[in-house]
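Spelled out, the chains give:
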Amino acid sequence: MVGVVLQETEDIWSKQFADQLGKRYLAPKLVLFEEHIESACGMSSSATGPFYCPGDSKVYMDLDFYEQLKNTFGAPGDFAFAYVVAHEVGHHIQNLLGYTDYVHKQRGRISQTQYNDLSVRLELQADFLAGVWAHHSHKATDLIEREDFIEAIRAASAIGDDKIQKQMQGYVQPESFTHGTSAQRQRWFKLGLESGDLRYGDTFNAQSL
Ligand SMILES: [Zn+2]
């Protein structure tokens, strides 16, 4: 299933890169793993969940994650999982467009608080890009029903740091947010979903998130 979703992101992003940016899209490679995996980003365990490594342009999917998503956060459904794949592919697009590099280069040059703010903006842009994918996916296949979108947004909020921290610790620590709040993630996903237009995804210059 992950492979099917990834193929669909490849079809859609190839077309959107050509139509909206006049660029060629280079798709990421997919690596499925259980327990531990070594990437250009170092050693990771399944506790990390799915991730994208800019160093080797690969999407790493932890196969336990789908079950975790379903059991822990009550966000079932294949589209919710597809959203997670689309979010990681969003990070790949940011890598292709230079946003990842821009943020990483600021590390050590700015305060930790400022760096965290940039990290949040990078995460929200990945959610926006997942929304743009869903917009065009809907148009391309006509398979995705309205409740699937709601499931995806629920998954987005399930992964929001505030919700995760509430589930794990019973309280939230706003200063340690690196993914944005559930409300912010839903907002940017919806903006991508409703517009399908890459011009609306500049989280770095947005006045409010
Ligand atoms: Zn992310």
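Preceding block: the structure.
Here we summarise the structure given alongside this text. Counting restarts for each chain, with residues numbered from 1 along the sequence as it is written. In keeping with the predicted nature of the model, local features appear solely for residues at pLDDT of at least 70, side-chain atom pairs appear and are counted solely at 80 or more, and the whole-chain, interface and lining totals rest on all residues.

The backbone of Glu-35 sits at a positive phi, close to 65 degrees, despite the residue not being glycine. The topology assignment puts Glu-35 in the loop between strand S1 (29-33) and strand S2 (36-39). A positive phi angle, near 55 degrees, is found at Ser-57, a position not held by glycine. Within the element layout of this structure, Ser-57 appears in the loop between strand S4 (51-53) and strand S5 (58-62). Each helix is a run of H or I in the DSSP string that is no shorter than four residues. Each strand is a run of E no shorter than two, and both are numbered from the N terminus.

With that settled, consider the environment of Cys-53. Secondary-structure assignment places Cys-53 in strand S4. In this structure Cys-53 comes out as buried when scored by C-beta crowding, with 21 C-beta atoms within 10 Å. Sequence separation between Cys-53 and Ala-40 is 13 residues, and the spatial gap between their C-alpha atoms is 6.8 Å. A pair of residues counts as a contact when their C-beta atoms, built from backbone coordinates, are separated by no more than 7 Å. Excluding anything up to four places from it in sequence, Cys-53 contacts Ser-39, Ala-40, Cys-41, Lys-58 and Tyr-60. To sort residues by burial, count the other C-beta atoms lying within 10 Å of each one's C-beta; a count of 20 or more means buried, 12 or fewer means exposed, and anything in between means partly exposed. C-beta atoms are built from the backbone.

The subject of this paragraph is the environment of Ile-37. Along the chain, Ile-37 falls in strand S2. Residues Ile-37 and Asp-62 lie 25 residues apart in sequence; the distance between their C-alpha atoms is 9.2 Å. With near-sequence residues (within four places) excluded, Ile-37 lies in contact with Val-31, Ser-44 and Tyr-60.

Below, the discussion takes up the pairing of S5. With 5 of its 5 residues buried, S5 lies for the most part within the structure. Neither face of S5 is open: one carries Lys-58, Tyr-60 and Asp-62, the other Val-59 and Met-61, and all of them are buried. Here, any two strands with at least 2 DSSP bridges between them count as paired. Relative to S5, S1 runs parallel, the two being bridged by 5 bridges. Bridge pairing in S5 places Lys-29 opposite Lys-58. When S4 meets S5, the two strands line up antiparallel, connected through 3 bridges. Directly across from Phe-51, in S5, lies its bridge partner Tyr-60.

Okay, helix H8 (residues 182-195) next. Given the number of residues in a helix, its expected span is that number minus one, multiplied by 1.5 Å. The first and last C-alpha atoms of H8 sit 20 Å apart over 14 residues, in line with the 20 Å expected at 1.5 Å per residue. Those residues of H8 that fall on the buried side of the exposure criterion are Ser-182, Gln-184, Arg-185, Gln-186, Trp-188, Phe-189, Leu-191, Gly-192 and Leu-193. Downstream of H8 by a residue or two, Gly-196 has a phi angle that is positive, lying close to 65 degrees.

Bringing the sheet that holds S1 into the picture now. Picture the strands of a sheet paired through backbone hydrogen bonds; they go either parallel or antiparallel. The strand order S1-S5-S4 describes an open sheet built from 3 strands, whose pairing is mixed. Every other strand in the sheet has two partners, leaving S1 and S4 as the edge strands with one partner each. Neighbour to neighbour, the strand axes of the sheet diverge by 25 degrees on average, direction disregarded. Structural elements are reduced to axes, namely lines fitted to C-alpha atoms, with helices fitted over the stretch in contact, and the angle between N-to-C directions of any two is expressed from 0 to 180 degrees.

Over its 20 residues, helix H1 (residues 2-21) runs 26 Å from end to end, which matches the ideal 28 Å to within 8%, given 1.5 Å per residue. Here H1 has its buried residues at Val-5, Leu-6, Thr-9, Ile-12, Trp-13 and Gln-16. For H1, the angular spread of buried residues about the axis comes to 135 degrees, placing them on one side. Of the exposed residues in H1, those oriented more than 90 degrees away from the buried face are Gly-3, Val-4, Gln-7, Ala-18 and Asp-19. Backbone geometry just downstream of H1 places Gly-22 in the positive-phi region, at approximately 65 degrees. Note that the arc is defined by the directions from the helix axis to the C-beta atoms.

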